[in-house]
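# Close look at the chain arrangement
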Amino acid sequence: MTEFAKSNDTDTWDIKITSGNSYLDFHINELWHYRDLLMMFVKKDIITVYKQTILGPLWFIAQPLLTSIMFLLIFNSIAKISTGAVPPVLFYLLGTTLWSYFSETLNVTSKTFTDNASVFGKVYFPRIILPLSKVVSGLVKFLIQFSLFFIFWLYYVFVDKKISPNWYILLTPVWLLMIVLLSFCFGIIITSLTTKYRDLIFLISFGVQLAMYITPVIIPLSEVHGKKKLFFLLNPLTSLFEAFKFGFFGQGILDAKWLLYSATFTIISLAIGVIIFNKVEKRFIDTV
Amino acid sequence: MMSTEVVVKAENISKLYRLGQVGTGTISHDLKRWWALTRGKEDPYLKIGSTNDRTKKAQSDYAWALKDINFEINKGDTIGIIGKNGAGKSTLLKLLSRVTSPTSGEIKIKGRIAALLEVGTGFHPELTGRENIYLNGAILGMTKKEIGRKFDEIVDFAGVEMYIDTPVKRYSSGMYVRLAFGVAAHLEPEILIVDEVLAVGDAEFQKKCLGKMSDVASHGRTIIFVSHNMQAVQSLCKKAIYLKAGEIADVGATDKVINNYLSREVKNCISVQWDDEATAPGNEFIRLVSARIEPKLENETDPITIATEIDITFEFFLHHECNLNLSFFLNTPAGLCIFNVTTASVLLKKGYHAATLTIPGRFLNDDIYTTRILFVKDTSVILFHMDDILTFEVVDEARTGNWYGKWEGVVRPTLPFKIS
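### Re the overall build of chain A
Counting its regular elements, chain A contains 12 helices and 1 strand. The N-to-C order of helical and strand elements in chain A reads β-α-α-α-α-α-α-α-α-α-α-α-α. At a minimum sequence separation of 6, the contacts of chain A that also span at least 24 residues come to 79%. If you sum the accessible surface of chain A, you get close to 14,100 Å²; carbon and sulfur atoms cover 69% of it.

### Observations concerning the pattern of salt bridges
Residue and element names in this part refer to chain B. Under the counting rule described, the total for this entry stands at 19 salt bridges over all chains. Residue E294 is joined to R292 by a salt bridge in which the shortest nitrogen-to-oxygen separation is 3.3 Å. Judged by its relative accessible area of 34%, E294 is partly exposed. Assessed through its relative accessible area of 26%, R292 is described here as partly exposed.

### Here we look at the packing of aromatic side chains
Ring pairs (aromatic) are described by centroid distance and by the angle formed between their planes. Applying the stated rule across the entire model yields 38 aromatic pairs over all chains. Measuring from centroid to centroid gives 5.3 Å for F146 of chain A and F149 of chain A, while their planes differ by 45°, and the two rings are tilted. Highlighted residues: F146 of chain A and F149 of chain A, both in helix α7 (residues 129–159), separated by 3 residues, approximately one helical turn. Members of the aromatic cluster, each reached through a chain of ring pairs, are Y101, F142, F146, F149, F150, W153, F244, F248 and F249 of chain A. The residue whose ring lies beneath K15 of chain B is Y17 of chain B, and the NZ or CZ to ring-centre distance is 5.4 Å. It is R98 of chain B that lies over the ring of Y124 of chain A; its NZ or CZ is 3.8 Å from the centre.

### A few points about the sheet that holds strand β4 (residues 78–82) of chain B
All names here are of chain B. Across the sheet, which stays open at both edges, the 6 strands sit in the order β6-β7-β8-β4-β9-β10 with mixed pairing between neighbours. Two strands bound the open sheet, and with one partner strand each, they are β6 (113–116) and β10 (247–253). Strand-to-strand twist across the sheet, computed as the mean angle between neighbouring axes with direction ignored, equals 15°. Both β6 and strand β7 (residues 191–195) contribute to a ladder of 4 bridges, which runs parallel. Following the sheet pairing, A115 is matched in β7 by I193.

### Concerning the confidence of the model for chain A
Detailed reading of the predicted coordinates is not advisable wherever pLDDT is low. Averaged over every residue, the pLDDT of chain A is 86; the share at 70 or more is 93%. In the predicted structure, residues 1–10 of chain A sits below a pLDDT of 50 and forms 24 contacts with residues beyond four places in sequence or in another chain.

### Things to note about helix α3 (residues 58–78) of chain A
All names here are of chain A. Taking 1.5 Å per residue as the helical rise, α3 with its 21 residues ought to reach 30 Å, and the 29 Å between its terminal C-alpha atoms agrees with that figure. At L72, α3 is bent by approximately 25°, the largest bend along its length. Every buried residue of α3 is accounted for by F60, P64, S68, F71 and F75. K80 lies just past α3 and shows a positive phi near 55°.

### Observations concerning unusual backbone geometry
Residue and element names in this part refer to chain B. Unlike most non-glycine residues, A245 shows phi in positive territory, near 50°. Within the secondary structure layout, A245 lies in the loop between β9 (239–244) and β10. Notably, T379 is not glycine yet its phi reads approximately 50°, a positive angle. Among the secondary structure elements, T379 is positioned in the loop between β18 (367–377) and β19 (381–394). By relative accessible area, which is 57% here, T379 ends up exposed.

### Quick word on the sheet that holds strand β17 (residues 351–359) of chain B
Residues and elements named next belong to chain B. As summarised here, the arrangement of the 4 strands in space is β11-β12-β13-β17, forming an open sheet in which the pairing is antiparallel. Whereas interior strands pair on both sides, the edge strands pair on one side only; in this sheet they are β11 (271–273) and β17. Taking each pair of neighbouring strands and ignoring which way they run, the sheet shows an average axis angle of 20°. Bridge count between strand β13 (residues 310–318) and β17: 9 bridges; the pairing is antiparallel. Of the residues in β17, the one forming a bridge with I310 is I359.

### Looking at the environment of N12 of chain B
Residues and elements named next belong to chain B. Inspection of the secondary structure puts N12 in strand β1 (residues 6–18). N12 sits 57 residues away from I69 along the chain, and the two C-alpha atoms are 5.0 Å apart. Filtering out sequence-adjacent residues up to four positions away, N12 remains in contact with D68, I69, N70, S104 and G105.

### A short note on the pairing of strand β1 (residues 15–18) of chain A
Side-chain alternation along β1 of chain A places I15 and I17 of chain A on a buried face and K16 and T18 of chain A on a face that remains uncovered. Pairing of β1 of chain A with strand β5 (residues 104–109) of chain B involves 4 bridges; the strand directions are antiparallel. Bridging from a neighbouring strand, I15 of chain A pairs with I109 of chain B of β5 of chain B.

### What about the interface of chain A and chain B?
Taken together, the contact between chain A and chain B spans 42 residues of the former and 59 residues of the latter. Together, the buried faces of chain A and chain B total about 4,600 Å²; carbon and sulfur atoms form 59% of this surface. Seen at the junction of chain A and chain B, the total is 7 residue pairs in polar contact (both at pLDDT 80 or more). Those elements that provide at least two residues to the side of chain A that touches chain B are β1, α1 (28–33), α2 (35–49) and α6 (117–120) of chain A.

### Considering the nonpolar core
Judged by nonpolar contacts, the single largest core of 138 residues is most densely connected at F125 of chain A together with V8 of chain B. With residues near it in sequence (within four places) discarded, F125 of chain A still touches Y34, L37, F41, V119, F120 and L130 of chain A together with I139 of chain B. Counting residues in hydrophobic clusters, the runner-up holds 34 residues, among them I286, I312, L318 and L324 of chain B.

### Describing the confidence of the model for chain B
For chain B, the mean per-residue pLDDT works out to 82, and 83% of the residues sit at or above 70. With pLDDT under 50 throughout, residues 53–58 of chain B is counted as low confidence; its partners more than four residues away or in other chains account for 2 contacts.

### Looking at the packing of α7 of chain A against helix α8 (residues 172–193) of chain A
Residues and elements named next belong to chain A. For the pair α7 and α8, interaxial distance at closest approach is 10 Å and the crossing angle is 140°. For the element pair α7 / α8, the angle class is oblique. Crossing of α7 over α8 shows right-handed handedness. Between α7, through P131, L132, V135, L139 and F142, and α8, the contact on the second element is made entirely by L176, V180, F184 and I188. For the contact of α7 with α8, a count of residues per class yields 9 nonpolar, no polar and no charged.

Conventions adopted
- Residues numbered from 1 in each chain as written.
- Chains lettered and ligands numbered in written order.
- Predicted model: local features only at pLDDT ≥ 70, side-chain atom pairs only at ≥ 80, totals over all residues.
- Heavy atoms only, no water.
- Helix = DSSP H or I, 4+ residues; strand = E, 2+ residues; numbered from the N terminus.
- Contact = heavy atoms within 4.5 Å.
- Areas by Shrake-Rupley, 256 points an atom, 1.4 Å probe, with all protein chains shown as cover.
- Salt bridge = Lys/Arg side-chain N within 4 Å of Asp/Glu carboxyl O.
- Buried < 20%, exposed > 50% of the residue type's maximum accessible area, 1.4 Å probe, protein only.
- Phe/Tyr/Trp six-rings, centres within 6.5 Å; stacked < 30°, edge-to-face > 60°.
- Lys NZ or Arg CZ within 6 Å of the ring centre and 35° of its normal.
- Pairing = 2+ DSSP bridges.
- Axes fitted to C-alpha atoms, helices over the stretch in contact; angles between N-to-C directions.
- pLDDT = per-residue confidence, 0-100.
- Expected span 1.5 Å × (residues − 1).
- Bend = angle between axes of the 7 residues up to and from the residue.
- Buried area = accessible area lost by both parts, 1.4 Å probe.
- Polar contact = N/O pair within 3.5 Å; in protein donor to acceptor, adjacent residues only side chain to side chain.
- Core = buried A, V, L, I, M, F, W, Y, C linked by side-chain atoms within 4.5 Å.
- Parallel < 35°, antiparallel > 145°, perpendicular 65-115°, else oblique.
- Left-handed = near helix turned anticlockwise from the far one by under 90°.
- Nonpolar A, V, L, I, M, F, W, Y, C, P; charged D, E, K, R; others polar.

Shown next, in the form of structure tokens:
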């Protein structure tokens, strides 16, 4: 455009839109600028779930409660699967609460690109905001469900006196953070891989269901023996769930070696997730 | 005038799209590409892309939606991007708004940029007007504080105070669009990218949108406007970029670029004939046989100018004897009616008939016109009507004098007007 003024190439530019073939150009500042959007999405998720319902957020509590009763009937009463020294209700409540956080977050973040294609196709914002917002809104729901567990737990600790927690309970936020990160990372990896090839989506939806059976949600790890145990332990969630239970119930298996495995697993998948998400977000709209 | 600081600079940007279905075959393409790239060779699919000409069948599975685009936009410029459908306008828009990224090349931008490719992106029907203002504002890149500052203005602009705490699903469509546009209009980016689809809707709303945009432009902010509507581009933009088949065909002052565009792109449809009665437009009462525009030109290849007299003829077959009259509308492509004329109602026998209308020279302005024809029985029953059968363009004649701006008005009659 010769008739327009020539610019000086040494100028500083605020935004550079390139083919985006480099793997490592993250914009932390930009993410910070959009923090309000993150909170807005979280608010939207929470508000819209119970609009036009009578019980509102109470529905969040019904879900783990009913699931636990179901587990109690089927796995405990009928199938006679022991939950060790932990009262079955408490065991199932914690298990389903943690598991539903993980599976729901994974399910929704793994559809980030496909579900939001219409918004992403019209306006730019750092795409990672969306899965992040799902992680946070999931946490709000988790906290409500967790407080239900907490009430039961208080009863069993102080009234029933069947279980005795220990100081490892203070590490709970660490285990929780790792579970949060794992669901987030798996989700963004899957959504990045499925923009072009949808096949994986089918695998994921029932794969997650199956994965529950190799996570100590119904069966405590102490009840699993032999080679099957290794199978459980290779699941990075297993040690985290067990550590959770160890703190609250004084029961469970706390193995530093396997916790380290889970931590390494989390960090590696975080790195992979962020890199491929960052790569895919630039051009997925052409193929979605 | 502002300083000539460059705020947008596009360097050799190209965008390759894969044609047809994505699915089978892409894995093998991806693997081949990956194999070539790891050996340090060129991407095998980047070479074979054809230029983006939709009328021809593509020679390969890939096509360049944009190829080697270079331009600079200065601070305070209002730039129109024009071109036919498929010329790459939308792709360029998507690149500038960062919805997707180029296959090669680089765009550099200085300042805050906001793109309005759609109003109400991310509006949630269950949320109230208030909640949606905050959500939509945040999606468009505003912080909560900024939205809070603009909140009253937005509500005022949209005229929805009463319903601000009602879910937007209960809004009328007019309120919904006004609210959505209200949020968008109160963005304060240094560079604003606007798609013409925004300007759909009623004429009133269109005017409001364009008014808001020229308002923004007058505050020294940069606007990039993508449109088919030459009128809008002309009134809003000082400069224009004309895209053709993914490449820049012309760039410069709006009038010059638009003239170039019109002379190269507008295909007049001045004659249609239906040989097969079964497929001809019509019904059991009436069938069209032909429709044509016959300008009285010295040479057949001359363009129709504002001075040209034009005959418009419709031939039709009438199946039943009846009292018939024809009603003819001349419209602009935007749907504005220039005039409506009717014939007298006459008793016609079953058979072939023709009707001719003459539009005198020095009556129409330079514009593109389309036709609408109605066949009316007993001056009250519409037997058949058809829109947009014929399209023709009237161009300006060579002007004398120093002024070359767009001649205002939907018509341009020569009326007695004298200085005494």
